[in-house]
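So you can see what is in the structure, the chains are spelled out below.
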Amino acid sequence: MRSAGRAPDDPAGDVVRWAAFSCLLVPVVLVVYGTSYGGAAVATLGLAAVTAACRVLLRHSEKAERAAARVRSEDPLPLGHRGRHSRSGAGSHRGCHGSGALSPHD
């Protein structure tokens, strides 16, 4: 069941939720298998720190991606560009990658 305030497709949020679940589950498993409470607490703090850092990096990456997508959507096509397969002007022959000048082999 998804909460009302969350986007339906939030992979970063899913990763952070699973990491938080692991931060709770790992110390329990460590204590059950004989690790001291202190060792389990240190492991929990380490996992929580890594989870927090990953969350910050994921959110920063998503924000940068949204900003880049916004910039790309606002950029108009160049004036001479008429589509992928169109030819727009002299010298734009298929397969011609030169500057238009003839080479010694032509």
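Residues numbered from 1 in each chain as written. Predicted model: local features only at pLDDT ≥ 70, side-chain atom pairs only at ≥ 80, totals over all residues. Heavy atoms only, no water.

1. As for the overall build of the protein
And then number 1: Along its length, the protein carries two helices and zero strands.
And then number 2: Looking at the protein residue by residue over its 106 residues, the buried ones come to 9%.
And then number 3: A sequence separation of at least 24 residues applies to 52% of the contacts in the protein between residues at least 6 apart.
And then number 4: Carbon together with sulfur atoms contributes 64% to the accessible area of the protein, which is approximately 9,100 Å² in total. (Helix = DSSP H or I, 4+ residues; strand = E, 2+ residues; numbered from the N terminus. Buried < 20%, exposed > 50% of the residue type's maximum accessible area, 1.4 Å probe, protein only. Contact = heavy atoms within 4.5 Å. Areas by Shrake-Rupley, 256 points an atom, 1.4 Å probe, with all protein chains shown as cover.)

2. As for the packing of helix H1 (residues 11-32) against helix H2 (residues 37-74)
And then number 1: Packing of H1 against H2 brings their axes to within 9 Å, and their N-to-C directions diverge by 175°. As judged from the angle between their axes, H1 and H2 are roughly antiparallel. Contacts between H1 and H2 involve Ala12, Gly13, Val15, Val16, Ala19, Ala20, Ser22, Cys23, Val26, Pro27, Leu30 and Val31 on the former and, on the latter, Tyr37, Ala40, Ala43, Thr44, Leu47, Ala48, Thr51, Arg55, Leu58, Arg59 and Glu62. (Axes fitted to C-alpha atoms, helices over the stretch in contact; angles between N-to-C directions. Parallel < 35°, antiparallel > 145°, perpendicular 65-115°, else oblique.)

3. Regarding the side chain of threonine 51
And then number 1: Relative to the helices and strands, threonine 51 resides in helix H2.
And then number 2: Dropping the residues within four chain positions of it, threonine 51 is found in contact with Val16, Ala19, Ala20 and Cys23.

4. Some thoughts on the packing of aromatic side chains
And then number 1: Inspection of every chain in the model, using the stated rule, returns one aromatic pair.
And then number 2: Note on tryptophan 18 and phenylalanine 21: the rings are 5.7 Å apart at their centroids and 90° apart in plane angle, and the pair reads as edge-to-face. Of this pair, tryptophan 18 and phenylalanine 21 both sit in helix H1, three residues apart, which is roughly one turn of the helix.
And then number 3: We classify tryptophan 18 as exposed; its relative accessible area is 59%. (Phe/Tyr/Trp six-rings, centres within 6.5 Å; stacked < 30°, edge-to-face > 60°.)

5. Some thoughts on the pattern of salt bridges
And then number 1: The tally for this structure, following the rule as stated, stands at two salt bridges.
And then number 2: For the salt bridge of arginine 59 with glutamate 62, the shortest nitrogen-to-oxygen distance reads 3.0 Å. Placement of both arginine 59 and glutamate 62 in helix H2 is noted, with a separation of three residues, approximately one turn of the helix. (Salt bridge = Lys/Arg side-chain N within 4 Å of Asp/Glu carboxyl O.)

6. Details of H2
And then number 1: The first and last C-alpha atoms of H2 sit 55 Å apart over 38 residues, in line with the 56 Å expected at 1.5 Å per residue.
And then number 2: Of all the residues in H2, the buried ones are Ala40, Thr51 and Glu62. (Expected span 1.5 Å × (residues − 1).)

7. A closer look at the side chain of glutamate 62
And then number 1: The exposure class of glutamate 62 is buried, given its relative accessible area of 19%.
And then number 2: Dropping the residues within four chain positions of it, glutamate 62 is found in contact with Asp10 and Ala12.

8. Regarding H1
And then number 1: Compared with an ideal rise of 1.5 Å per residue, which puts 22 residues at 32 Å, H1 spans 31 Å between its outermost C-alpha atoms and is within 8% of the ideal.
And then number 2: Residues Ala12, Gly13, Val16, Cys23 and Pro27 constitute the buried set of H1.
And then number 3: Buried positions along H1 lie against H2.

9. Digging into the state of the cysteines
One covalent bond between the sulfur atoms of two cysteine residues makes up a disulfide.
And then number 1: Under the definition given, this model contains zero disulfides.
And then number 2: Sulfur of cysteine 23: no disulfide; nearest cysteine sulfur belongs to cysteine 54 and is 10.0 Å away. (Disulfide = S-S within 2.5 Å.)

From the geometry alone we can't say anything about function, so treat these as descriptive.
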